[in-house]
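# Structure at a glance
If you want the building blocks of each chain, they are given just below.
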Amino acid sequence: MASDIVAQLADSLAKTGVEDGELSYKGQGRKLDDEIVKEIQDFEGLQALRLEGNTVGVEAAQAIAKALETKSDFKRCYWSDMFTGRLRSEIPPALNSLGDALMLAGARLTVLDLSDNAFGPDGVKGIENLLKSTACFTLQELRLNNCGMGIGGGKILAASLTHCHKKSSAEASPLSLKVFVAGRNRLENDGATALAQAFQLMGSLEEVHMPQNGINHAGITALASAMQQNKALRILNLNDNTFTEKGAIAMAQALKHLASVQVINFGDCLVRPAGAKAIAETVSEGLPILKELNLSYGEITEEAALAVAQSVKGKDKLEKLDLNGNCLGEDGCVALKDAMESLNMGEILGTLSDDEGEPEDDEDEDEDDDEEDLEDVDEEELEEEEEEEEEEEEEHSTSKLVRTCFYVITLLMLFISRLPFLPSYFPSPDKLLKLGANRALLIEQQVDVSDAPKTAEAFLKIASVYKEENRDVKNAVLDSIGEATFGHSSCSSLLLWTLSVISLCCSYRPCLYPPLSAQSEDKVKPVLVVPGHLHALEHVVQQDYFPEQSVAVLEAFMSRNNKILESCGNARITLQTTLQRVKSES
């Protein structure tokens, strides 16, 4: 009998994951039941509660909150992905209830993890009071990865952290946040800048993870200034934002003041040669315990990559150097490998399998022009009046062109329903890869690329399988659309057809032109706009065959306020940034 009781107790402990004051229901996919509430109530000295991978509604949250009201020892909230299948409107009141309970209990939190809960700005409002309260004076880890906070949520979060720091400092126990995680939140420049101000105030961060947030050089510069004040920083992950030279140089300057940094992840950040050289200089002069340096996919050339290689000389703690996906060319890859081997560090150099090859000469010249632009700001200011007059003339001409093109788009939308469909093997990433190196030719055989309407649909279907995180699929898509669509068809005509199809999904109706009739709208078949479409267009606009006058058309189209385009997040921002650069270079 006694053995049965012991077995039951062991089974119960294994099921709930009780360890060091922790009660866990992680990954059980449960809804609220009386057993959960009772176990929380009966757990003496409860310090941590894991609710990841379950579904908590408003009533469930209120019941759990009631059970937490007496848990004064409570410290750690592991509440990521706990609103599975719930309406977004349910999340803020649920979070409010749980937060109120922790404040009532007098809890002193060290960990608050709400990652992978798509609660948006309203969700941040749901934890706003908690973040401002004494319960968060002791907070060390704040994890809000993939929550869709947006700019608004980022500003609310920044204001809450600032308030908490000021209030806690007044009580001689300033907020000393050590870990901040907020990747994939569409914070953009304004959200990042607001958070930078809070980070600078705290000065206690050791880890910062903010990948994929659509931040460009203005926001990166603000973060660089803030990081400089966090002297104990060990890990800085800003992967897949858009530094350009300005942001990279600012960040390199900040890193000179951060001797404790061990991991730098600036992959997919477009640091470019000038930025890579600035970072290399910082690495060479300091960062004595650096373990990882990621500068992949940054349009870095051979010369800059070799500078980075030389900068890690003597870094005996270094375990990984990632320079994959840059513009080294075959000879550059060999030179880089030889340089690392000569330093007896060949084993730490990551693969160079995705190298983009040597840049064209005109691209090198463009990069030189960019560097000169940084140095000649004063001279540009003196010429500002002349440029403004020229811009007014260009805007007038562009405006006329854009109005004409949108008129054509409106007319074209009447006939979209007649477009044939590409064969059923699209969209499918796996099947696109299986077409092999001859995929462009095979696609060309399936679609008459001289026919812009048919090619537009082919382009959109191929681009829909684009995956930023999968290099093979990404390259396959870009190769296919470059050779089999825009590269063969009349580019201006194809662009108009492409935008017309996208317009249908966005419900765009130019106010200057008569709307489509209801009968016509019933026949039109829109496509679902996905980030891949915009990534593909971003690739196309940088090619030589893309006409200059079409840049203005596409830029005007992408600047329109529309929720569908906004949902594409970083892809839209990247495309707009590229369009501005291409326009300035033309």
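Remember, it's a predicted structure, so these values are computed and weren't measured experimentally. (Residues numbered from 1 in each chain as written. Predicted model: local features only at pLDDT ≥ 70, side-chain atom pairs only at ≥ 80, totals over all residues. Heavy atoms only, no water.)

The next thing to look at is the overall build of the protein. Broken down by element type, the protein carries 25 helices and 11 strands. Counting only residues that meet the buried cut, the protein has 52% of its 586 residues in that class. For the protein, restricting intrachain contacts to residue pairs at least 6 apart in sequence, the fraction spanning at least 24 positions comes to 82%. Total accessible area computed for the protein in this model is approximately 27,000 Å², and 46% of it derives from carbon and sulfur atoms. (Helix = DSSP H or I, 4+ residues; strand = E, 2+ residues; numbered from the N terminus. Buried < 20%, exposed > 50% of the residue type's maximum accessible area, 1.4 Å probe, protein only. Contact = heavy atoms within 4.5 Å. Areas by Shrake-Rupley, 256 points an atom, 1.4 Å probe, with all protein chains shown as cover.)

Further remarks concern the environment of valine 263. Among the secondary structure elements, valine 263 is positioned in strand 9 (residues 263-265). Among the residues examined, valine 263 registers a relative accessible area of 18% and is labelled buried. Once the C-alpha coordinates of valine 263 and asparagine 237 are considered, the two residues, 26 residues apart in sequence, prove to be 7.7 Å apart.

Quick look at the nonpolar core now. One finds Leu68, Trp79 and Phe266 to be the most contacted residues of the largest nonpolar core, which totals 115 residues. By residue number, the principal contributor to this core is helix 7 (residues 188-202), which donates 7 residues. Filtering out sequence-adjacent residues up to four positions away, phenylalanine 266 remains in contact with Leu236, Leu238, Phe243, Met251, Leu255, Val271, Ile279, Asn294, Leu295 and Ser296. Core analysis: the next-biggest nonpolar cluster, separate from the first, contains 16 residues, Phe459, Ala463, Ala536 and Val551 among them. (Core = buried A, V, L, I, M, F, W, Y, C linked by side-chain atoms within 4.5 Å.)

As a further point, take helix 7. Between the first and last C-alpha of helix 7 there are 21 Å, a value that for 15 residues agrees with the 21 Å anticipated at 1.5 Å per step. Of the residues making up helix 7, those classed as buried are Asn189, Gly191, Ala192, Ala194, Leu195, Ala196, Ala198, Phe199 and Met202. The elements touched by buried residues of helix 7 are helix 6 (150-170), strand 6 (179-181) and helix 8 (217-227). Looking one or two residues past helix 7, glycine 203 carries a phi angle of roughly 65°, positive in sign. (Expected span 1.5 Å × (residues − 1).)

With that settled, the discussion passes to the environment of arginine 30. On the secondary structure map, arginine 30 appears in the loop between strand 1 (22-24) and helix 2 (34-42). Given a relative accessible area of 17%, arginine 30 falls into the buried group. Residues contacting arginine 30, with those up to four places away along its chain left out, are Tyr25, Glu35, Ile36, Asn54 and Thr55.

Structurally, lysine 474 can be placed in helix 19 (residues 471-484). Between the alpha carbons of lysine 474 and leucine 433 there is a distance of 10.0 Å; along the sequence they are 41 residues apart.

Before going further, it helps to spend a moment on the side chain of threonine 244. Tracing the backbone through its elements, the reader meets threonine 244 in helix 9 (residues 244-255). Other than its neighbours up to four places away in sequence, threonine 244 contacts His217, Cys269, Leu270, Val271 and Arg272.

At their nearest, the axes of helix 7 and helix 8 sit 8 Å apart, and the two run at 10° to each other. In terms of their interaxial angle, helix 7 and helix 8 are classed as roughly parallel. In contact with Asn189, Ala192, Thr193, Ala196, Phe199 and Gln200 of helix 7, helix 8 contributes Ala218, Gly219, Ala222, Leu223, Ser225, Ala226 and Met227. In terms of residue class, the contact of helix 7 with helix 8 is made up of 8 nonpolar, 5 polar and no charged. (Axes fitted to C-alpha atoms, helices over the stretch in contact; angles between N-to-C directions. Parallel < 35°, antiparallel > 145°, perpendicular 65-115°, else oblique. Nonpolar A, V, L, I, M, F, W, Y, C, P; charged D, E, K, R; others polar.)

Attention now goes to the sheet that holds strand 5 (residues 141-143). Pairing in this open sheet of 11 strands is parallel, and the strands run 1-2-3-4-5-6-7-8-9-10-11 from one edge to the other. This sheet does not close on itself; its edge strands, each paired only once, are strand 1 and strand 11 (320-322). Between one strand axis and the next, the sheet turns by 5° as a mean value, whatever way the strands run. Bridge count for strand 5 against strand 6 is 3 bridges, and the pairing is parallel. (Pairing = 2+ DSSP bridges.)

What follows covers the confidence of the model for the protein. Per-residue confidence for the protein gives a mean pLDDT of 78, with 69% of residues at or over 70. Model confidence for the protein, summarised as mean pLDDT per element, is weakest for helix 21 (residues 518-523) at 34 and strongest for strand 6 at 98. Below pLDDT 50 for its whole length, residues 362-382 participates in 15 contacts with residues either more than four positions away or in separate chains. (pLDDT = per-residue confidence, 0-100.)

The subject of this paragraph is the packing of helix 4 (residues 91-105) against helix 5 (residues 120-132). Direction vectors running N to C along helix 4 and helix 5 enclose 10°, while the axes themselves pass 8 Å from each other. Accordingly, the angle class assigned to the pair helix 4 and helix 5 is roughly parallel. Taken together, the residues of helix 5 that come into contact with helix 4 (itself represented by Pro92, Leu95, Asn96, Gly99, Leu102 and Met103) are Asp122, Gly123, Lys125, Gly126, Ile127, Asn129 and Leu130. Taken together, the residues that form the contact of helix 4 with helix 5 break down as 6 nonpolar, 5 polar and 2 charged.

Attention now moves to the side chain of asparagine 265. Relative to the helices and strands, asparagine 265 resides in strand 9. Judged by relative accessible area, which is 18%, asparagine 265 ranks as buried. Within the structure, the side chain of asparagine 265 is placed 3.5 Å from the side chain of asparagine 237, a separation counted as a polar contact. With residues near it in sequence (within four places) discarded, asparagine 265 still touches Leu236, Asn237, Leu238, Asn239 and Asn294. (Polar contact = N/O pair within 3.5 Å; in protein donor to acceptor, adjacent residues only side chain to side chain.)

A separate point is the pattern of salt bridges. Side chains that carry opposite charge are capable of pairing whenever their charged atoms lie near each other. Tallying each qualifying case throughout the model produces 14 salt bridges. The shortest N-O distance in the salt bridge between glutamate 52 and arginine 50 comes to 2.8 Å. Considered together, glutamate 52 and arginine 50 belong to a single accessibility category, that of buried residues. Residue glutamate 128 pairs with lysine 132 through a salt bridge whose shortest N-O separation is 3.2 Å. Of this pair, glutamate 128 and lysine 132 both sit in helix 5, 4 residues apart, roughly one helical turn. For glutamate 128, a relative accessible area of 22% corresponds to the partly exposed category. Here the residues in one salt-bridge network are Glu22, Arg50 and Glu52, joined through shared partners. (Salt bridge = Lys/Arg side-chain N within 4 Å of Asp/Glu carboxyl O.)

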